[in-house]
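As a plain string of letters, each chain reads:
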Amino acid sequence: MAWIAKNSAGATIERRSEPYLTPVLKAKLEADVLPRYPTKRAALLPVLHAVQHEHHWLPAQALEEIAAFLDLAPSQVLDTASFYEEFWLNPKGKYLIMVCQSLSCELMGQTGLLGKISRKLGIAPGQTTPDGKYTLMTAECLGSCGSAPCALVNEVLHENIHADNFERILDTLE
Amino acid sequence: MPLAQPVLCKRIPTYPWGDPKDRQYVGYDQFTATGGYVGLTKALAMAPKAVIDLVKEAELRGRGGAGFPAGLKWSFLPPEDGQRRYLAVNADESEPGTFKDRLLIDFDPHLLLEGIAIAMHACRLDTAYIYIRGEYHAQAKTLQRAIDEAYAHKIFGEGSRLGQINALWPNCYVHRGAGAYICGEETGLLESLEGKRGWPRIKPPFPAVAGAFARPTIINNVETLAMVGPLLDQGPTWFKSLGKGRPDGVPASVPASFGPKLYGISGHVNRPGVYEENLGIKLSTLIEDHAAGMLKGKKFKAAIPGGISMGVLGPDEYHAELDFDIGRKHNCLGLGTAGVIVMDQDTDMVAVARNIARFFAHESCGQCTPCREGTGWMYKVLTRVEAGGGTLDDLDLLLEVSASMGAMPGTTICGLADGANWAVRTIVNKFWPEFEARVAQTRSNRVSLAVVGATH
């Protein structure tokens, strides 16, 4: 939910000396992404995507570095990043399993599927396994209603996933 | 009359013309070898304004949900002032039940790029951003592959066949969203494109005057633009021979439903998928002929005509014609995206309403109080009704809340809450006995505004 206020007052930022937005990544973004837009701020979503792609999530220090890179206030970067569900402001598992729960998927048996995956992994939706391997989430419509139920595992969409064949999506993961 | 030849699915095998198993990516060479970019060639031989007039004459209506005439939208742009103007392509397909744009992007992305190039020429737009939803990872890569081919063949970039526009060589970029339904609302999309949260803007100013980066901007859906190439190639007379025209005697000022349309069908049917048909096809035909009938031979109970925000059709509306007039004729919001969700006799309509209310409660951007609170409370009330703890008061309350939030009652900036309230209202009204049977037959002394009609 995009509009839930997230209390960050008093939060301390963990810092490391090595930057998240590396000089190599900066150079790539400056060459490929920034020229596409008339303002630097417009590059924010692509830059957030790029940094998250490298580090798997967006630590607060990374948001500060992105703010400096795009001449924005860190609060502006946080404002945008916290709005979108795909941007992770907390660590997530190596494999993010998003099970679609919208209407076509629910009609075709998503509820049973989610329960089975949840029991198999031993976590409820919204949680990550203690070994940091899997994070289970529910998602709203993934645009695959004709092959419902469906689930997105990291960047790969799995279609026609049923309670009796769901293990195949886990078998493909290391 | 069924569509004789596929138009948008010309290169995408689809029943009854081909087998979806044979679908594969159509690259630049195969696209041009099968009549692709002919529409662009014809458009480039015409003055920009003549292209807009042609699209206007064809009465091509937007395929993204609202059905607004595309040519008219294009003609709203102010005169050129030498500064930049943008095209924002809405590929944020997020409405539950909708998966048609994905088909075009997966298999025939050049059809979209051709439409983009024509729109840029006609409207004098120098830069196009294809705003694609974040979850479409594979589709974003496919689009980029097609765009790279288009640059290599001088559709876009330096030396483009379009020539310079606003003193710039035309560019086309993919811009990925990040998981927010509201970014499919056109001004939410623009905010997101500018690197902000996807909060819809108060209009006016309309995007044609001050859109992306406060410059004139056209926003079109993927399918609308994909239709522009074939339209330029074969002309308005051909286009208007397809779909459903105006009945005799109806003045030309009344918009009709010309042309073919992609219908996505999902839910309790044997062969779900995307089909191309003339606008005006009957729901029963789509289910029986295209989708090979109801799953397990069960009886039809209800269907969503075009994405969950459009409301619901009941058992007696099985033969409803799926065109832009459906809202007026069948008491729903409209055709929407033509993403049809079919439900069989065993479907629990209370659960359906709860699912839909949860979607909107989850996706409300939170800007307007009636929507943020209203969708959340509708979800809570429906959850209680589903669990068996509801009363008649709850049903009154649902109708009252749904009648008082949205852009139509005038209490919100955008139409998200209208989608939520039409869905809930039509389901509760059309399946009232089912809801009534689920709740305790008690009413407090509280008088609902919905019952006395004060909010209508």
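Being a predicted model, the structure only gives us computed values, none of them experimental. The residue numbers shown here count from 1 along each chain, following its written sequence. All chains are assigned letters beginning at A, and all ligands numbers beginning at 1, according to the order in which they are written. pLDDT decides what is reported in this predicted model: residues at 70 or higher carry local features, side-chain atom pairs at 80 or more are listed and counted, and totals for whole chains, interfaces and linings draw on all residues regardless. For side-chain calculations, the full set of non-hydrogen atoms in the structure is used, while hydrogens and water are omitted.

Further remarks concern the overall build of chain A. In this text, helices come from DSSP runs of H or I with a minimum length of four residues, and strands from runs of E with a minimum of two, each type numbered from the N-terminal end. Secondary structure assignment for chain A yields seven helices and four strands. Sequence-ordered secondary structure for chain A, helices as α and strands as β, is α-α-α-α-β-α-α-β-β-β-α. Reported as C-alpha extents along the three principal axes, the dimensions of chain A are approximately 50 × 35 × 35 Å. In chain A, which comprises 174 residues, the share counted as buried stands at 50%. Only heavy atoms matter for contacts: two residues are in contact if any of them lie within 4.5 Å across the pair. Look at the contacts in chain A between residues 6 or more apart in sequence, and 63% of them connect residues 24 or more apart. Charge convention: Lys and Arg are scored as positive, Asp and Glu as negative, and His as well as the terminal groups of each chain are ignored. The atoms used to mark charge sites are NZ of Lys, CZ of Arg, CG of Asp and CD of Glu. Treating the 15 positive side-chain charges of chain A as one cloud and the 20 negative ones as another, the clouds have centres 2 Å apart. Each residue's exposure class comes from its accessible area (1.4 Å probe, protein chains only) as a fraction of the maximum for that residue type: buried when under 20%, exposed when over 50%, partly exposed otherwise.

For chain B, the helix and strand inventory stands at 17 helices and twelve strands. Put simply, the radius of gyration uses C-alpha atoms, and a globule should come to 2.2 Å times the residue count raised to 0.38. Since a compact globule built from 456 residues should have a radius of gyration of about 23 Å, the 22 Å found for chain B is in line with a globular shape. In terms of overall dimensions, chain B has a C-alpha envelope of 75 × 45 × 45 Å along the principal axes. Considering only intrachain contacts with a sequence separation of at least 6, the fraction spanning at least 24 residues in chain B is 69%. Across chain B, the centroid of the 48 positively charged side chains sits 2 Å from that of the 49 negatively charged ones.

What follows covers the sheet that holds strand β7 (residues 260-267) of chain B. Residues and elements named next belong to chain B. Two strands are counted as paired when DSSP detects at least two bridges linking them. Read across the sheet, four strands follow the order β8-β7-β12-β10 without closing on themselves; strand pairing throughout is mixed. Sheet topology places β8 (273-278) and β10 (300-304) at the edges, where each strand pairs with a single neighbour. For this sheet, the mean inter-axis angle between neighbouring strands, taken without regard to orientation, is 30 degrees. The pairing of β7 with strand β12 (residues 339-344) spans four bridges and is parallel. Within β12, the residue paired with S266 across the bridge is I341. In this description, a line fitted to the C-alpha atoms serves as the axis of each element, helices being fitted only across the stretch in contact, and the angle between N-to-C directions of two axes falls anywhere from 0 to 180 degrees.

Residue and element names in this part refer to chain B. Residue ranges for the domains originate in an automatic or database domain assignment. As assigned here, chain B comprises domain 1 (20-241), domain 2 (257-344) and domain 3 (349-452). The distance between the C-alpha centroids of domain 1 and domain 2 comes to 26 Å. Between domain 1 and domain 2, the residue contacts involve 22 residues of the former and 21 residues of the latter. Carbon and sulfur atoms supply 64% of the area that domain 1 and domain 2 bury against each other, a total of about 1700 Å² over both sides. Throughout, buried area stands for the accessible area (probe radius 1.4 Å) lost by two parts on being put together, summed over both.

This part is about empty space enclosed by the protein. Residue and element names in this part refer to chain B. As defined here, a cavity is a set of points on a 1 Å grid over the protein atoms alone where a 1.4 Å probe fits but cannot get out. A pocket is an open set with protein on both sides within 12 Å along at least five of seven lines, and residues line them when an atom is within 4 Å of a point. Grid points are joined across faces, edges and corners, and a volume is the space filled by probe spheres set on the points. Across all of its chains, the model carries two cavities of 30 Å³ or more by this definition. Forming the boundary of the largest cavity are I182, P200, S364, C365, Q367, C368, C371, T412, I413, C414, L416 and A417. Each residue is assigned to one class: nonpolar for Ala, Val, Leu, Ile, Met, Phe, Trp, Tyr, Cys and Pro, charged for Asp, Glu, Lys and Arg, and polar for all the others, Gly among them. Here the residues of the lining of the largest cavity sort into nine nonpolar, three polar and no charged.

Right, let's talk about the pattern of salt bridges for a bit. A side-chain nitrogen of Lys or Arg and a carboxyl oxygen of Asp or Glu constitute a salt bridge if their distance falls within 4 Å. Considering all chains together, one arrives at 38 salt bridges over all chains under this definition. Close ionic contact of K40 of chain A with D71 of chain A constitutes a salt bridge, the shortest N to O distance being 3.2 Å. With K40 of chain A in the loop between α1 (23-32) and α2 (44-55) and D71 of chain A in the loop between α3 (60-69) and α4 (74-81), this pair connects stretches of sequence that are 31 residues apart. Residue classification places D71 of chain A among the exposed residues on the basis of a relative accessible area of 58%. Taking the shortest distance from any N to any O, the salt bridge between R438 of chain B and D348 of chain B comes out at 3.1 Å. Highlighted residues: R438 of chain B in helix α16 (residues 432-438) and D348 of chain B in the loop between β12 and α12 (349-363), separated in sequence by 90 residues. On the accessibility criterion, D348 of chain B (25% relative accessible area) is partly exposed. Residues joined in a network through salt bridges with shared partners are K73, E185, E186 and K203 of chain B.

Let us now look at the environment of I218 of chain B. Residues and elements named next belong to chain B. In this structure, I218 sits in strand β4 (residues 217-221). A residue is classified by how much of its surface remains accessible, and I218, at 0% relative accessible area, is buried. As for I218 and V89, which are separated by 129 residues in sequence, their C-alpha atoms are 8.2 Å apart.

A separate point is unusual backbone geometry. Note that the residue after A148 of chain A, namely P149 of chain A, is joined by a cis bond; omega there is -5 degrees. Looking at where P149 of chain A falls in the secondary structure, it is placed in the loop between β2 (134-139) and β3 (151-153). With omega at -5 degrees, the peptide bond leading from K203 of chain B into P204 of chain B counts as cis. Here P204 of chain B lies in the loop between α8 (186-193) and β4. Its identity as a non-glycine residue notwithstanding, N331 of chain B has a phi of 50 degrees, on the positive side. Its location among the elements puts N331 of chain B in the loop between α11 (326-330) and β12.

Turning our attention to the pairing of strand β1 (residues 95-100) of chain A. Residue and element names in this part refer to chain A. With six of its six residues buried, β1 lies for the most part within the structure. Burial along β1 is two-sided: the face carrying Y95, I97 and V99 and the face carrying L96, M98 and C100 are both buried. As paired elements, β1 and β2 share six bridges and run parallel to each other. Looking at the pairing, L96 lines up with T135 of β2. Relative to β3, β1 is paired through three bridges, and the arrangement is antiparallel. Each residue of the ladder has a partner; that of I97, found in β3, is V153.

Between chain B and chain A, the residue contacts involve 64 residues of the former and 41 residues of the latter. Of all residues in chain B, the largest losses of buried area upon contact with chain A belong to A178, R197 and H362 of chain B, amounting jointly to 17% of the total for that side. The interface formed by chain B and chain A contains six salt bridges. One salt bridge in this structure joins R102 of chain B and E159 of chain A, with 3.3 Å as the shortest N-O distance. Within 3.5 Å is the distance limit for a polar contact, defined as a pair of N or O atoms, with the added protein rule that one can donate a hydrogen and the other accept it, and that residues adjacent in sequence qualify only through two side-chain atoms. Where chain B touches chain A, the interface holds 29 residue pairs in polar contact (both at pLDDT 80 or more). Counting only elements with at least two residues in the side of chain B that touches chain A, the list comes to β2 (127-132), α7 (137-152), β3 (171-176), α8, β7, β12 and α12 of chain B. The biggest single contributor to the side of chain B that touches chain A is α12 of chain B, with ten residues. Of the residues that constitute the side of chain B that touches chain A, the class distribution is 29 nonpolar, 21 polar and 14 charged.

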